[in-house]
Amino acid sequence: MPATHTTTVPQAATEAPTSGAASGPASNGRRPIGMLKRRWPTALAVALAILTTADGSGELADTVGAFGDALPLLPLLYVIIHQAGNPRVTWPVLGAGVAAMVVLGAQDVVSQPVALVAVALAVLVWGAVRGTPHGRATFGVQAAGAFVFGALALVGLAVDPDLGRYLVAAGWFFHGVWDFVHLRLDKVVARSFAEWCGVVDVLVAVHLLFLV
């Protein structure tokens, strides 16, 4: 009976490329998409800042006035959300705040920043009387923020625009720092809002300082 010869093929030669090597380029292609999904508040903030500041043809006084009017809304949102005691209401409160700004801008009875500061003071008084869900220390910090940012807005609008731009820019920039501190601590507002608002605030401050 003839001898049977068995040929052994080396295993390494018959193995297909590992899935990791094959999926490497595709995985690299998915990384920007995954990063965009994680950092969507930053992407949204950059897009909004570009749309808001793209037209640099306006007068300095008008630009300072517009951003000065909006500045008190930022600490007011924190005060309201703080008293609500639930970060999940952050984005709805922002929507209500923007709607209030539109309504205030359509009338000439009271200025936007004065009305926003008055509402912030009313909420703070309510918190002092009825109590606060996050404790007195956090409530005091929010009250101090409302006072400082509101004062920067009102003084920035009252002085000459050449000086006012720096006061209003300081308000926006330091509120951006305020946002990032809250993002780090994960307190009061939703993390997505803190990231979004922080990026918007810093970009607005840069616009006021260098691009006007």
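Computed from a predicted model, the values in this text were never measured in an experiment.

1. Describing a nonpolar patch on the surface
Here is step 1 of the chain: Side chains of Leu163, Tyr166, Val206, Leu209, Phe210 and Leu211 sit close together on the surface and give an oily, nonpolar patch of about 610 Å² of accessible area.
Here is step 2 of the chain: For the nonpolar patch, the secondary structure elements donating two or more residues are helix 10 (161–185) and helix 11 (191–211).
Here is step 3 of the chain: As for its position among the elements, Phe210 is in helix 11.
Here is step 4 of the chain: A relative accessible area of 62% means that Phe210 is categorised as exposed.

2. Observations concerning the nonpolar core
Here is step 1 of the chain: The biggest cluster of nonpolar side chains holds 38 residues, and the ones touching the most others in it are Leu77, Tyr78, Trp172, Val189, Phe193, Trp196 and Leu208.
Here is step 2 of the chain: No other element matches helix 11, which puts nine residues into this core.
Here is step 3 of the chain: If we skip the residues at most four places from it in the chain, Trp196 touches Pro41, Leu44, Ala45, Leu48, Trp91 and Leu94.
Here is step 4 of the chain: If you look at the next biggest cluster of nonpolar residues, it comprises five residues, including Val123, Leu124, Phe139 and Ala146.

3. Some remarks on the pattern of salt bridges
Opposite charge on two side chains allows them to pair when their charged atoms are near.
Here is step 1 of the chain: Under the defined criterion, the tally for this structure stands at one salt bridge.
Here is step 2 of the chain: Arg39 serves as the salt-bridge partner of Glu195, at 2.9 Å between the closest nitrogen and oxygen. In this pair, Glu195 is assigned in helix 11 and Arg39 in the loop between helix 3 (24–38) and helix 4 (40–53), connecting sequence segments 156 residues apart.
Here is step 3 of the chain: Accessibility expressed as a relative area gives 7% for Glu195, which makes it buried.

4. Here we look at the packing of helix 6 (residues 73–84) against helix 7 (residues 90–105)
Here is step 1 of the chain: Closest axis-to-axis distance for the helix 6/helix 7 pair is 10 Å, and the angle between their directions is 135 degrees. Classified by the interaxial angle, the pair formed by helix 6 and helix 7 is oblique. Crossing of helix 6 against helix 7: the hand is right-handed. Residue-level inspection shows Leu73, Leu77, Ile80 and Ile81 of helix 6 in contact with helix 7, the latter providing Thr90, Val93, Leu94, Gly97, Val98 and Met101.

5. Regarding the packing of aromatic side chains
Here is step 1 of the chain: By the definition in use, this model includes nine aromatic pairs.
Here is step 2 of the chain: Plain terms: the ring middles of Trp40 and Trp91 are 6.1 Å apart, the flat faces sit at 35 degrees to each other, and that makes the pair tilted. On the criterion of sequence distance, the pair formed by Trp40 in helix 4 and Trp91 in helix 7 is long-range, its members being 51 residues apart.
Here is step 3 of the chain: Taking relative accessible area as the criterion, Trp91 reaches 29% and is therefore assigned partly exposed.
Here is step 4 of the chain: Grouping aromatic residues by their ring pairs yields a cluster made of Trp40, Tyr78, Trp91, Phe149, Trp178, Phe193 and Trp196.
Here is step 5 of the chain: Over the face of the ring belonging to Tyr166 we find Arg165, whose NZ or CZ atom lies 5.5 Å from the ring centre.

What counts and what doesn't
Residues numbered from 1 in each chain as written. Predicted model: local features only at pLDDT ≥ 70, side-chain atom pairs only at ≥ 80, totals over all residues. Heavy atoms only, no water. Patch = residues over 30% accessible without salt bridge, like charges linked within 9 Å, V, L, I, M, F, W, Y side chains within 5 Å. Areas by Shrake-Rupley, 256 points an atom, 1.4 Å probe, with all protein chains shown as cover. Salt bridge = Lys/Arg side-chain N within 4 Å of Asp/Glu carboxyl O. Helix = DSSP H or I, 4+ residues; strand = E, 2+ residues; numbered from the N terminus. Buried < 20%, exposed > 50% of the residue type's maximum accessible area, 1.4 Å probe, protein only. Core = buried A, V, L, I, M, F, W, Y, C linked by side-chain atoms within 4.5 Å. Contact = heavy atoms within 4.5 Å. Axes fitted to C-alpha atoms, helices over the stretch in contact; angles between N-to-C directions. Parallel < 35°, antiparallel > 145°, perpendicular 65-115°, else oblique. Left-handed = near helix turned anticlockwise from the far one by under 90°. Phe/Tyr/Trp six-rings, centres within 6.5 Å; stacked < 30°, edge-to-face > 60°. Lys NZ or Arg CZ within 6 Å of the ring centre and 35° of its normal.

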